[in-house]
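# Working through the structure, step by step
Below, each chain spelled out in residue letters.
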Amino acid sequence: MPTAVLTDRERTAVQAYLRLLHTVRAAFDSPPGGRRPPVVPPSVLAEAEQALADAGLTGNEEEFFRLLQSWCPAQP
């Protein structure tokens, strides 16, 4: 499978998405009975949205997830 070369903006969008994903996972991985944040911090969500828009990926989820998979493939 050929490796895609991401532009700086595409790489920034992928990195922002991964930070958003890790933030959400951390909230759900908190101990039972522990205090969970009610929402994703607005700054994390805004960063991801802005990075996607800057990379021209807003509304183009198929292309974005193709880039994400090529840059950060799933582990076996």
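Residues numbered from 1 in each chain as written. Predicted model: local features only at pLDDT ≥ 70, side-chain atom pairs only at ≥ 80, totals over all residues. Heavy atoms only, no water.

Under the criterion given, the structure shown has two salt bridges. Taking the shortest distance from any N to any O, the salt bridge between Arg 11 and Asp 8 comes out at 3.1 Å. In this pair, Arg 11 and Asp 8 both sit in helix α1 (residues 8-28), three residues apart, roughly one turn of the helix. We note a salt bridge from Arg 19 to Glu 47, for which the minimum N-O separation is 2.5 Å. Of this pair, Arg 19 sits in helix α1 while Glu 47 sits in helix α2 (residues 42-54), and the two are 28 residues apart along the sequence. (Salt bridge = Lys/Arg side-chain N within 4 Å of Asp/Glu carboxyl O. Helix = DSSP H or I, 4+ residues; strand = E, 2+ residues; numbered from the N terminus.)

Our focus in this paragraph is the confidence of the model for the protein. Per-residue pLDDT for the protein averages 75, and the proportion of residues at 70 or more is 78%. Mean pLDDT values for the elements of the protein range from 75 in helix α3 (residues 61-71) up to 84 in α2. (pLDDT = per-residue confidence, 0-100.)

Here we come to the packing of α1 against α2. Closest axis-to-axis distance for the α1/α2 pair is 8 Å, and the angle between their directions is 155°. It follows that α1 is roughly antiparallel to α2 by the angle criterion. Handedness of the α1/α2 crossing: left-handed. Contacts between α1 and α2 involve Arg 9, Thr 12, Ala 13, Ala 16, Arg 19, Leu 20 and Thr 23 from the former and Val 44, Leu 45, Glu 47, Ala 48, Ala 51, Leu 52 and Asp 54 from the latter. Of the residues that constitute the contact of α1 with α2, the class distribution is eight nonpolar, two polar and four charged. (Axes fitted to C-alpha atoms, helices over the stretch in contact; angles between N-to-C directions. Parallel < 35°, antiparallel > 145°, perpendicular 65-115°, else oblique. Left-handed = near helix turned anticlockwise from the far one by under 90°. Contact = heavy atoms within 4.5 Å. Nonpolar A, V, L, I, M, F, W, Y, C, P; charged D, E, K, R; others polar.)

Structurally, Glu 10 is set in helix α1. Overall, the relative accessible area of 16% leaves Glu 10 in the buried class. In this view, Glu 10 contacts Val 5, Ala 55 and Leu 67; residues no more than four positions away in its chain are not counted. A distance of 2.9 Å separates a polar atom in the side chain of Glu 10 from the backbone nitrogen of Thr 7. (Buried < 20%, exposed > 50% of the residue type's maximum accessible area, 1.4 Å probe, protein only. Polar contact = N/O pair within 3.5 Å; in protein donor to acceptor, adjacent residues only side chain to side chain.)

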